[in-house]
Amino acid sequence: MSFLAQKLFSFGGAIKNVNKNSIRLSSHFIYHPDNEKPIEGETKKMNMMQAINNAMDITLKNDPTAVLFGEDVGFGGVFRCALGLQEKYGKDRVFNTPLCEQGIAGFGIGLATAGATAIAEIQFADYIFPAFDQLVNEAAKARYRSGGQFDCGALTVRAPCGAVGHGGLYHSQSPEAFFAHAAGLKVIVPRGPIAAKGLLLACIQERDPCIFLEPKILYRSANEEVPIDSYTLPIGKAQVLREGNQVTLIAWGTQVHVLLEVAKLAKEQFDVSCEVIDLMSIQPWDEVTVCDSVKKTGRCLIAHEAPLTCGFGAELAATIQEECFLHLEAPISRVTGWDAPFPHVFEPFYLPDRWRCLEAIKQLVQY
């Protein structure tokens, strides 16, 4: 075999391996696209990366004070969410920063306080912790500590989060619960392109600083017909994606798609009717929609990728217990990641997959 033939054979094998891995890595869920459009008008097929890019493009076009910055953002970012925006709007509005998350957050707070619309990208949510002090002690408290004289409400911090199949302990974490504890921040997690565009535009226009966590595995695996015009979705409002009357299933981000599949399996295998809720907004969260559903079904399962202890599911469970106690037919169930560092090769055993969730539903109805 010639040298060129060997190279081509090797390259072909690599492509085949990548394609096989792409199938394997997303196999813990089946994506369920949104069919309902938030507004009337022309749509375009977009994946979640393109929908986020489109939201930022609209903002930069319509708001001359808007700036977008972060590590490698100038050439589009590692996930390409900012692709083409520097060429379109210039290096003074879309630019790279040093590898310093604390500096990125602090710079964004300063910009927003001075009146600019600041869109900061943290390259991975796992690396947002050096910025924790800036976000929790400065951004969240700016309006309160100044008696309303100034704020940094025009700050939106974007960060890719969650499992991706090969990220290991430093590229797979879900830190939403850390930020939910900080009064003054709003925390959002979309489930797909339509939700991502509408929620990101809502965050950018919101007058409180927002943490916008983007499930990275959905960047290219999620495709929908997205309206090309500007629109927003309400922050703090959950969506009921599937109606049912025996068990309430609650999730956000990628896990929503796991529960939609689980609801289907529960109906097929156990004849159990499940209601599926996408929380969408972690802080504030939609207590009314959640509690109304649990009062109807009498049973509740909460699932998220983050660890069990002090995960946001614990806050949901506590509130549901307080508000729905007399309606409950079984203890509230939580199916989550384990209280351990996020593993690499053992990721499939860490995730709250369809089978763990289905078993939990079985236990709920048999209680």
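Relevant structure appears above.
Residues numbered from 1 in each chain as written. Predicted model: local features only at pLDDT ≥ 70, side-chain atom pairs only at ≥ 80, totals over all residues. Heavy atoms only, no water.

Our focus in this paragraph is the sheet that holds strand β13 (residues 300-307). The sheet built from 5 strands is open, its strands ordered β9-β11-β10-β13-β14 with mixed pairing. One side of each edge strand has no neighbouring strand; the edge strands of this open sheet are β9 (239-242) and β14 (333-337). For this sheet, the mean inter-axis angle between neighbouring strands, taken without regard to orientation, is 25°. Judged from the 5 bridges that link them, β13 and β14 form a sheet pairing that is parallel. Paired with L301 across the two strands is S333, which belongs to β14. (Pairing = 2+ DSSP bridges. Helix = DSSP H or I, 4+ residues; strand = E, 2+ residues; numbered from the N terminus. Axes fitted to C-alpha atoms, helices over the stretch in contact; angles between N-to-C directions.)

Pairs may arise between side chains of opposite charge once their charged atoms sit close together. By the definition in use, this model includes 14 salt bridges. A salt bridge links R354 to E261; the shortest N-O distance between them is 3.1 Å. Of the two residues, R354 is situated in helix α14 (residues 354-366) and E261 in helix α10 (residues 255-270); the sequence distance between them amounts to 93 residues. The exposure class of R354 is buried, given its relative accessible area of 14%. A relative accessible area of 10% means that E261 is categorised as buried. With its nearest N and O atoms 2.5 Å apart, the salt bridge here joins K296 to E275. Highlighted residues: K296 in helix α11 (residues 287-297) and E275 in strand β11 (residues 274-278), separated in sequence by 21 residues. For E275, a relative accessible area of 4% puts it in the buried group. One network of salt bridges, with partners in common, ties together R143, D151, K186, E206 and D208. (Salt bridge = Lys/Arg side-chain N within 4 Å of Asp/Glu carboxyl O. Buried < 20%, exposed > 50% of the residue type's maximum accessible area, 1.4 Å probe, protein only.)

Among the surface-exposed residues, E287, E315, E322 and E323 lie close enough to one another that they form a single negatively charged patch. Broken down by element, the residue count for the negative patch peaks at 3 residues, all from helix α12 (residues 312-324). Among the structural elements, E315 can be located in helix α12. Among the residues examined, E315 registers a relative accessible area of 41% and is labelled partly exposed. (Patch = residues over 30% accessible without salt bridge, like charges linked within 9 Å, V, L, I, M, F, W, Y side chains within 5 Å. Areas by Shrake-Rupley, 256 points an atom, 1.4 Å probe, with all protein chains shown as cover. Lys, Arg positive; Asp, Glu negative; His and termini not counted. Charge placed at Lys NZ, Arg CZ, Asp CG, Glu CD.)

The strand order β3-β2-β4-β5-β7-β6-β12 describes an open sheet built from 7 strands, whose pairing is mixed. At either end of the open sheet lies a strand with only one pairing partner, and these are β3 (94-96) and β12 (281-283). Ignoring strand direction, the axes of neighbouring strands in this sheet form an average angle of 20°. Helix-sheet contacts for helix α4 (residues 101-113) involve β2 (66-70), β3, β4 (117-121) and β5 (155-161), and the interaxial angle to β2 is about 170°. (Contact = heavy atoms within 4.5 Å.)

Moving on, we get to the packing of aromatic side chains. Here the structure, examined in full by the defined rule, presents 13 aromatic pairs. Judged by centre distance (5.7 Å) and plane angle (10°), the ring pair of F69 and F95 falls under stacked. Placement of the pair is F69 in strand β2 and F95 in strand β3, with a sequence separation of 26 residues. Seen from their ring centres, F79 and Y219 are 5.0 Å apart, and the 40° between their planes marks the pair as tilted. Of this pair, F79 sits in the loop between β2 and α3 (85-89) while Y219 is found in helix α9 (residues 218-221), placing the two residues 140 residues apart along the sequence. Taking relative accessible area as the criterion, F79 reaches 17% and is therefore assigned buried. (Phe/Tyr/Trp six-rings, centres within 6.5 Å; stacked < 30°, edge-to-face > 60°.)

By themselves, these figures tell us nothing about what the structure is for.
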